[in-house]
Amino acid sequence: MTSAVAITGVSVFTPFGVGAEALAAALGAGRVAVEPAPELSEVGLARITDFDPLRHVSVRGMRVYPRATQLEICAAALALTDAGWSGEAALDPMELGLVTASSYSHLQTLVEYDRGLVSVGMQRTNPTLMPLGLPSAPGAATGLALSAKAFSITLNDGGASGLAALGLGAHAIRDGRARACVVAGAFTPFAELLESSLRAGLSASAERFRVLDREAEGVAFGEAAAALVLEPLEAALGRGRSPLGVLRAQATRFAPPGASLASALGRAVSAALSSARLGSAPAATAAISLACVGANGDPREDAAHLDALSSALGAAAEPVVIAAPKASLGEMLDPSGLVQAVVALGALRARRAPPIARLATARAPSPRHPTAPVELAPGAALLTAISPSRSCSALLLSLGGE
Amino acid sequence: MQRRVVITGCGVVTAAGNELESFWSTLMQGAACIRPLAAFAHAEMGQLSGAEVTLPPEDRLPPAIDADPLRARCLELGLAASRRAWAAAGLTSAAADAEKTGVCFGTTMGEERQVGDLSERRKAQPDAGVDASFFARANNHRLAAQVAASFGCGGPVLMTTTACSSGNAAVAHAFDAIRSGDADVMLAGGADVLTRLIYCGFQRMGVLSASICRPFDKSRDGVSFGEGAGAVVLESLEHARARDARVLAELAGYGMSNDAHHITAPGPHGEGFVRAVHQALAQAGLSLDQVSYVSAHGTGTPFNDKGESEAMLTLFGARAKQVPVSSIKSIIGHTNGAASAIETVACVLAIQHRAVPPTAGWRDPDPEFELDYVPGQGRPHPVDVCLNLAAGFGGHNVCLVLRRFS
């Protein structure tokens, strides 16, 4: 990494409300948003209630957009406001880029449109729906809403999309392709996805859903949206913004079938540490005080997150405090890495890590797995994610002044 | 000092051929491969036409990867093109450093056929459910992951979608991975299939050609679809030299822009193309005067071709008529997310063969734009620097700059 990339704005929508403060308060209290899914009671589901996009953002066509796209647009717009770029201070559209983390947020529209083609016939379908069913549509609609003209890219990588998108956004900023880049994503669970994952044996009921627990047996999905604004650190300081954090490095590695997920994730962590230039290898690993992991209740993945930390950090892993926001929010897929980043920044700033909700029998001994909020030593945060197709991603971030 | 990135292998599966020789030969002849469609029909649209790929048996998807190849056609095509590119580069799994070898692919629709299949089953049986594999197939990243798994790659594996510029976007991100040192070798490409939804959706939007598309022609009336995949092996120059690989071309830079104008219509006057080209050439350290060929997006729709032609006039000014601009979409159809990946391969071949492929079907000039669209058949031309332009629904423009390696 040749020049530092600052995070100057964040926004998050979860079942606990809008904003990082509402999320931090709920996680700190150990709350869990997962409940039985109304359409499929065998699986757990965390859903945002009372969401009206026009309460947050007014853009042309908002009512037509699918819910996940509405959530992404709202998150992206609020993050820009948080970064100080709204209204009269809005950034020149030519200088604003967008990276969207989205694998599934178009899919419900696609299913509905195709069903209409077959059931009512082509001539009676709404022609505006089809383009909204493309995998790139949520990003296209968000780019249009923000008037982001520098670039608009969408990455599809399931639960690893968010961290990879942050890495790609940071790369674009360092390359000078935009003055600022919004990295955004949203996920709205829907019936076909819940049913398919249940049949694949991936799901857990609301009652039995837990994360990083020896009794964990599967995933519950959660609705969420999040966005972060990236810009060069020097430029942020130059316009008088105090950065919320600095994105130090990001790396993605793949675990071919037969290879261990923990090994691939460990390699991603090592690659990120190596490019973060936090000093010598021991100094770099010792600088990490928090690991905000993407563990989601899948026993294999939960184990892989912990094993990767142990293998990549060695003895330095011992004092690292683990945070696992999906224990409270469920598996949010595309925006999950972004939500992890928001949670980690809040924890670093407050010097306090949230507990892992519902943790009864930890996979590793406490204090690494707090069941109550714990003090954090000053340092950096390491974020990890694993996608359903075995892509493993790691990201390092720290507060602006460190 | 950023690393130089070179192309050492190419592969395609298209209606114009599944091997580079037959593909290039068909392109140069300007022989349209758009024919009555065999894969499926649609009662409301009558006989459909498109450019379908015929794969040899050895390219069929093994049940171990997917037990239902019909619903995994995109993966089947992507793997077939990747295998060809990998072999052409002379790479073996053992030769590549897994940690430093990655994949980046792009698609517009992915495995949309499984959604169509679900709709059909629900029509027959309203409470028909989805199966366990729906979730996995719905994740487009599975394509990049399976390609990576096939060659033992352990480096960065990414999947991108910017609609019909996805192939170029994938090559661009792979370029970044090598240039930054995150990888030494990246297999990059795009794949897409013909689906009922694509035909019906575009018909309802009024952008499907009534016959065969005629990019840049005065009477152009829309797109003709095709399916296929294209893939290239990118390497750092040091890595290619260390293994004595044959360098086919250099990927010198890329540019991206977003129209942010309309969810489907391109921005006015090709302004987004212009910005992407300027950015790409700046990264490549090249000037417009050095550009000798433009592989156009050239879909055959009135708006795209107008904007792209306006962009050429803005960019090249008095020299515009001297720079050949052609689109191969009237030969192999518009292959959506695969299109610009396949066109990247065509650009490499243009450099290699010192020739430019034609815009098949172009007959009558649009009086507003008198450019050299390479009518009829391909012709010899010294291609040293070429631009590969692509645009996607939503306004995603990506331009690659390829140059003869020296």
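Model, not experiment: these values are computed from the prediction.

K.L.:
How do you make sense of the interface of chain B and chain A when you look at a structure like this?
P.N.:
In this complex, chain B contributes 75 residues to the contact, which on the side of chain A involves 63 residues. Where chain B abuts chain A, roughly 5,800 Å² becomes buried across the two surfaces, and 61% of that area is made up of carbon and sulfur atoms. Taken together, the links from chain B to chain A amount to five salt bridges. Here Glu192 of chain A and Arg122 of chain B are joined by a salt bridge, their closest N and O atoms 2.8 Å apart. Only helix 3 (113-124), helix 4 (134-138), helix 5 (141-150), strand 5 (157-161), helix 6 (166-179), helix 7 (196-205), strand 8 (249-258) and helix 9 (271-284) of chain B provide two or more residues apiece to the side of chain B that touches chain A. Broken down by element, the residue count for the side of chain B that touches chain A peaks at nine residues, all from helix 7 of chain B. Grouping the amino acids of the side of chain B that touches chain A by side-chain chemistry returns 29 nonpolar, 30 polar and 16 charged. When strand 6 (residues 151-155) of chain A meets strand 5 of chain B, the two strands line up antiparallel, connected through two bridges. The residue of strand 5 of chain B that forms the bridge with Thr154 of chain A is Thr161 of chain B.

K.L.:
Help me out: how do you make sense of the pairing of strand 4 (residues 101-106) of chain B in this one?
P.N.:
It is a general feature of regular strands that their side chains alternate between the two faces of the sheet. All names here are of chain B. With six of six residues buried, strand 4 is to be regarded as a mostly interior element. Residues Thr101, Val103 and Phe105 of strand 4 are buried on one face, and the alternating residues Gly102, Cys104 and Gly106, pointing to the opposite face, are buried as well. Strand direction decides the pairing type here: strand 4 and strand 6 (residues 185-192), joined by six bridges, are parallel. Bridged to Thr101 within strand 6 is Val185.

K.L.:
I keep staring at the packing of helix 1 (residues 20-29) of chain B against helix 12 (residues 339-353) of chain B and nothing clicks. Help me out?
P.N.:
The packing of two helices is summarised by the inter-axis angle and the distance between the axes. Residue and element names in this part refer to chain B. Taken N-terminus to C-terminus, the directions of helix 1 and helix 12 make an angle of 85°; their axes are 11 Å apart at the nearest point. When the axis of helix 1 is compared with that of helix 12, the two are roughly perpendicular. For the pair helix 1 and helix 12, contact is made by Leu20, Phe23, Trp24 and Leu27 and by Ile342, Val345, Ala346, Leu349, Ala350 and His353, respectively. Its residues assigned to classes, the contact of helix 1 with helix 12 shows nine nonpolar, one polar and no charged.

K.L.:
How do you make sense of the sheet that holds strand 4 (residues 40-46) of chain A when you look at a structure like this?
P.N.:
Note on sheets: strands pair through backbone hydrogen bonds, and any given pair is parallel or antiparallel. All names here are of chain A. Pairing is mixed across the open sheet formed by three strands, whose spatial order is 3-4-8. A single partner strand is all that each edge strand has here, and the edge strands are strand 3 (35-37) and strand 8 (221-222). Taken together, the two bridges between strand 4 and strand 8 define a ladder with parallel strand orientation. Note that in strand 8 the partner of Leu45 across the bridge is Phe221. Those strands touched by helix 7 (residues 191-199) are strand 3, strand 4 and strand 8, and its axis lies near 115° from that of strand 4.

K.L.:
Where do I start with helix 1 (residues 20-28) of chain A in this structure?
P.N.:
A turn of α-helix holds 3.6 residues, and therefore any two residues three or four places apart point the same way. Residue and element names in this part refer to chain A. Along helix 1, the positions that sit buried rather than exposed are Leu23, Ala26 and Leu27. For helix 1, the buried positions fall inside an angular range of 95° around the axis, keeping them on one side. Those residues of helix 1 that are exposed and angled more than 90 degrees off the buried face are Glu21 and Ala25. Those residues of helix 1 that are buried are in contact with strand 1 (5-14), helix 12 (326-329) and helix 13 (336-350). Gly30, located one to two residues past helix 1, shows a positive phi value of around 70°.

K.L.:
Honestly, the packing of helix 3 (residues 107-119) of chain A against helix 3 of chain B in this entry has me stumped. Any pointers?
P.N.:
Look at helix 3 of chain A against helix 3 of chain B: their axes get within 9 Å of each other, and the N-to-C directions meet at 45°. Judged by the angle between their axes, helix 3 of chain A and helix 3 of chain B are oblique. In this structure, the crossing between helix 3 of chain A and helix 3 of chain B has a hand that is right-handed. Residues Leu107, Leu110, Val111, Asp114, Arg115 and Val118 of chain A of helix 3 of chain A form the contact with helix 3 of chain B, whose participating residues are Val115, Gly116, Leu118, Ser119, Glu120, Arg122 and Lys123 of chain B. For the contact of helix 3 of chain A with helix 3 of chain B, the class distribution of residues is six nonpolar, two polar and five charged.

K.L.:
How should I be thinking about the pattern of salt bridges in this particular structure?
P.N.:
Two side chains bearing opposite charge may form a pair once their charged atoms approach each other closely. The tally for this structure, following the rule as stated, stands at 38 salt bridges over all chains. A salt bridge links Arg267 of chain A to Glu99 of chain B; its shortest N-O distance comes to 2.4 Å. A residue pair is termed interchain when its members come from two chains, as with Arg267 of chain A in helix 9 (residues 261-276) and Glu99 of chain B in the loop between helix 2 (73-88) and strand 4. The residue Arg71 of chain B makes a salt bridge to Asp131 of chain B at a minimum N-O spacing of 2.7 Å. Placement of the pair is Arg71 of chain B in the loop between strand 3 (49-50) and helix 2 and Asp131 of chain B in the loop between helix 3 and helix 4, with a sequence separation of 60 residues.

Rules behind the numbers
- Residues numbered from 1 in each chain as written.
- Chains lettered and ligands numbered in written order.
- Predicted model: local features only at pLDDT ≥ 70, side-chain atom pairs only at ≥ 80, totals over all residues.
- Heavy atoms only, no water.
- Contact = heavy atoms within 4.5 Å.
- Buried area = accessible area lost by both parts, 1.4 Å probe.
- Salt bridge = Lys/Arg side-chain N within 4 Å of Asp/Glu carboxyl O.
- Helix = DSSP H or I, 4+ residues; strand = E, 2+ residues; numbered from the N terminus.
- Nonpolar A, V, L, I, M, F, W, Y, C, P; charged D, E, K, R; others polar.
- Pairing = 2+ DSSP bridges.
- Buried < 20%, exposed > 50% of the residue type's maximum accessible area, 1.4 Å probe, protein only.
- Axes fitted to C-alpha atoms, helices over the stretch in contact; angles between N-to-C directions.
- Parallel < 35°, antiparallel > 145°, perpendicular 65-115°, else oblique.
- Arc of directions from axis to C-beta.
- Left-handed = near helix turned anticlockwise from the far one by under 90°.

Honestly, it's all geometry; don't read function into it.
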